[in-house]
Protein chains: 2
Amino acid sequence: MKTINSRSDCPIGYTLDIFGDRWTMLIIRDLLLYGKDSFSEFLCSDEKIATNILTDRLNMLLRDGFVTKHTAPTNKSRFLYRPTEKAIELIPVLMEITLWAEKYNPAGAPADIVEPLKKNRTKALRDLKKKVEERLKAE
Amino acid sequence: MKTINSRSDCPIGYTLDIFGDRWTMLIIRDLLLYGKDSFSEFLCSDEKIATNILTDRLNMLLRDGFVTKHTAPTNKSRFLYRPTEKAIELIPVLMEITLWAEKYNPAGAPADIVEPLKKNRTKALRDLKKKVEERLKAE
DNA sequence: TAAAGTTATTGCAAATTGCAATAACTATTT
DNA sequence: AAATAGTTATTGCAATTTGCAATAACTTTA
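Residues numbered from 1 in each chain as written. Chains lettered and ligands numbered in written order. Predicted model: local features only at pLDDT ≥ 70, side-chain atom pairs only at ≥ 80, totals over all residues. Heavy atoms only, no water.

### Some words on the overall build of chain A
Which entries qualify depends on this criterion: Each helix is a run of H or I in the DSSP string that is no shorter than four residues. Each strand is a run of E no shorter than two, and both are numbered from the N terminus. We compute the radius of gyration from the C-alpha atoms alone; for a globule the expected value is 2.2 Å times N to the 0.38, where N is the number of residues. Note on exposure labels: buried denotes an accessible area under 20% of the residue type's maximum, exposed denotes more than 50%, and partly exposed covers the range between, all computed with a 1.4 Å probe on protein chains only. Only heavy atoms matter for contacts: two residues are in contact if any of them lie within 4.5 Å across the pair. Under the convention used here, a 1.4 Å probe and the Shrake-Rupley method define accessible areas, while residue burial counts only the protein chains that appear.
If you tally the helices and strands in chain A, you get eight helices and two strands. Computed over C-alpha atoms, the radius of gyration of chain A comes to 16 Å, within 12% of the 14 Å expected from 2.2 N^0.38 for 139 residues, which places it in the range of a compact globule. Burial statistics for chain A: of 139 residues in total, 53% are counted as buried. Nonlocal contacts in chain A, meaning residues at least 24 apart in sequence, comprise 50% of its contacts between residues at least 6 apart. Per element, the accessible surface of chain A, about 6800 Å² overall, is 54% carbon and sulfur.

### Focus: the domain arrangement of chain A
Size of an interface: often given as the accessible area lost when the parts come together. Residues and elements named next belong to chain A. To keep things clear, this is the line we draw: An automatic or database domain assignment supplies the start and end points of every domain. Put simply, buried area is how much 1.4 Å-probe accessible surface two parts lose in total, over both of them, once they are put together. We count a salt bridge whenever a side-chain nitrogen from Lys or Arg sits within 4 Å of a carboxyl oxygen from Asp or Glu. Polar contact criterion, stated in full: a pair of N or O atoms within 3.5 Å, where within protein one must be able to donate a hydrogen and the other to accept it, and residues adjacent in sequence count only if both atoms are side-chain atoms. The residue classification treats Ala, Val, Leu, Ile, Met, Phe, Trp, Tyr, Cys and Pro as nonpolar and Asp, Glu, Lys and Arg as charged. All others, Gly included, are polar.
The domain architecture assigned to chain A consists of domain 1 (1–84) and domain 2 (90–139). Of note, the centres of domain 1 and domain 2, computed from C-alpha atoms alone, are 19 Å apart. Approximately 1000 Å² of surface area, both sides summed, lies buried where domain 1 meets domain 2, with 74% of it carried by carbon and sulfur atoms. A per-residue breakdown of the area domain 1 buries against domain 2 is headed by Leu32, Leu33 and Arg82, which together make up 52% of the total. Where domain 1 packs against domain 2, one counts zero salt bridges. Summed over the shared surface of domain 1 and domain 2, the result is three residue pairs in polar contact (both at pLDDT 80 or more). Going through the elements one at a time, helix H2 (24–32) and strand S2 (75–83) are the ones with two or more residues in the side of domain 1 that touches domain 2. The leading source of residues in the side of domain 1 that touches domain 2 is H2, at five residues. Among the residues making up the side of domain 1 that touches domain 2, the classes are represented as eight nonpolar, one polar and three charged.

### A closer look at the pairing of strand S2 (residues 75–83) of chain B
For a regular strand, the rule is simple: side chains alternate between the two faces of the sheet. We apply this condition: At least two bridges found by DSSP between two strands is the condition for calling them paired.
Both strand S1 (residues 67–72) of chain B and S2(B) contribute to a ladder of six bridges, which runs antiparallel. When the bridges of S2(B) are listed, Val67(B) appears paired with Pro83(B).

### Some words on the protein's contact with DNA strand C
Our working definition: Residues are counted as near a molecule or strand when any one of their heavy atoms sits within 4 Å of it.
Around DNA strand C, the structure places 19 residues, and the nearest of them are Trp23(A), Asn52(A), Ser40(B), Thr51(B) and Lys69(B). Across the atoms of DNA strand C situated within 4 Å of the protein, the share located in sugar and phosphate is 70%. At 3.1 Å, a side-chain N or O of Tyr81(B) approaches a phosphate oxygen of DNA strand C. For the surface near DNA strand C, the class distribution of residues is five nonpolar, 10 polar and four charged.

Following this line, the structure appears as structure tokens:
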């Protein structure tokens, strides 16, 4: 599994030790913004992550407390991954990335996320967080 | 040089195509937060980037419009790298990462950056941006 | 002119990624 | 009950990237 060797005390360095690869943050995105919660859902994202990388990164996220793992009530061979508080608190990071990217790659910004953010950042962040938490409670 | 194959239209995916590695964002950090602007300064950061990787990433950042490159007025064999607007606008992303990391890795958060941010986010961001722009004007 | 400083390149071993095949397991269908 | 389909995880291997050391090309300093 991808291991973390802390390279420095810097908060940016710390975060890059975890998310400094092409895949890990995409799983967090899928968990928080697209409501995905299973292996097969992560697998079919546009970026086409390979199964071995997905397995590796899910284990890493589990080990480091970003997700918890549960068997689905409907199907024992299906696992559900749920974001922890540690992951949910990455929403503001994801949103600032989205706002930045919207300026330099306007093609891909989803308006339903960007517009509320531009209008009232605090409210948009609060609403997004609430939405994720409601989804978690519903299970 | 590290090339970018766009994997999706998603803003998070777009940003990861650029910054989804262990080094690129550290150079942006050094440029914006620590006022570094030369090869040798980037080289001596805590994370100890290798010269070949540094060369590669500086060329990538140059090609993609995150930095401009100038010969130093005092020394023709020394090059100075200056952040463009595209890079400067990453300050909010860096700051949200810093705030998140401060919660889960409190050891390394530099108080002189975190405290103003917590107190008044908008002002702290404005001040940081102004500081970078003043530094650029001074040359 | 020699020494030191700055940026960049090269070579190579080690690690990681990308891709395909397939295994282990459960659920569904016949 | 047997076959089929669905879900998650593992393995093998080629290709790519990284980490590290040596060194080259150049400019400035002594």
